[in-house]
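Structural overview
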Amino acid sequence: MPELSRRLLDPKRESWGIFYDRVHVGGISKRGGIPHDVPEWQWHCGFHCDADGPDDHFSGIAETFDEARAGFEAAWQILLSRRSPADFRDARHREAWTAEKYARLDRGDRTPPQWPLPGFEDEPRRRISHPAQNHLRRR
């Protein structure tokens, strides 16, 4: 089974992204612009896997990084128990499709990528909806 990993996303804010099987599933960071007498850490856990399926999102605040990490880990156990390997494959596919869409737009190409992307068509998974129906309209 894959393990959680974290990556520093913004050193100035001490913002950490948390990933599971290459899918961004949450984060822990310092809160900005708050008084000194309130908890300075925040965490969130969850991801959107399908337009037709449920979203699971949890979040909270904490006094310390270790408390934020404990809050994330408790929420992660709930989230992981509700998700299947197919959900994570679908999320990776959506992220890859979205990255390809923006790469094309950066090149001036307004045609959407094919669905499913090459390399994803043979993966066993439930039917997921196309992420950008009518999203890239010509002006």
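Quick notes on the packing of aromatic side chains
- Counted under the stated rule, the structure contains 6 aromatic pairs.
- Ring geometry for tryptophan 41 against phenylalanine 65: centres 5.4 Å apart, planes inclined by 75 degrees, an arrangement best described as edge-to-face. Pair noted here: tryptophan 41 is in strand β4 (residues 41–47) and phenylalanine 65 is in helix α1 (residues 65–82), with a separation of 24 residues, a long-range link.
- The class of tryptophan 41 is buried, set by a relative accessible area of 7%.
- Note on phenylalanine 72 and tryptophan 76: the rings are 6.5 Å apart at their centroids and 5 degrees apart in plane angle, and the pair reads as stacked. Separated by 4 residues within a single helix, phenylalanine 72 and tryptophan 76 lie in helix α1, roughly one turn from each other. Each member of the pair, phenylalanine 72 as well as tryptophan 76, is classed as buried.
- Through pairs of rings, three or more aromatic residues link up here, namely Tyr20, Phe72, Trp76 and Phe88.
- Over the aromatic face of tryptophan 16 sits the side chain of arginine 6, whose NZ or CZ is 4.7 Å from the ring centroid.

About the thresholds
- Residues numbered from 1 in each chain as written.
- Predicted model: local features only at pLDDT ≥ 70, side-chain atom pairs only at ≥ 80, totals over all residues.
- Heavy atoms only, no water.
- Phe/Tyr/Trp six-rings, centres within 6.5 Å; stacked < 30°, edge-to-face > 60°.
- Helix = DSSP H or I, 4+ residues; strand = E, 2+ residues; numbered from the N terminus.
- Buried < 20%, exposed > 50% of the residue type's maximum accessible area, 1.4 Å probe, protein only.
- Lys NZ or Arg CZ within 6 Å of the ring centre and 35° of its normal.

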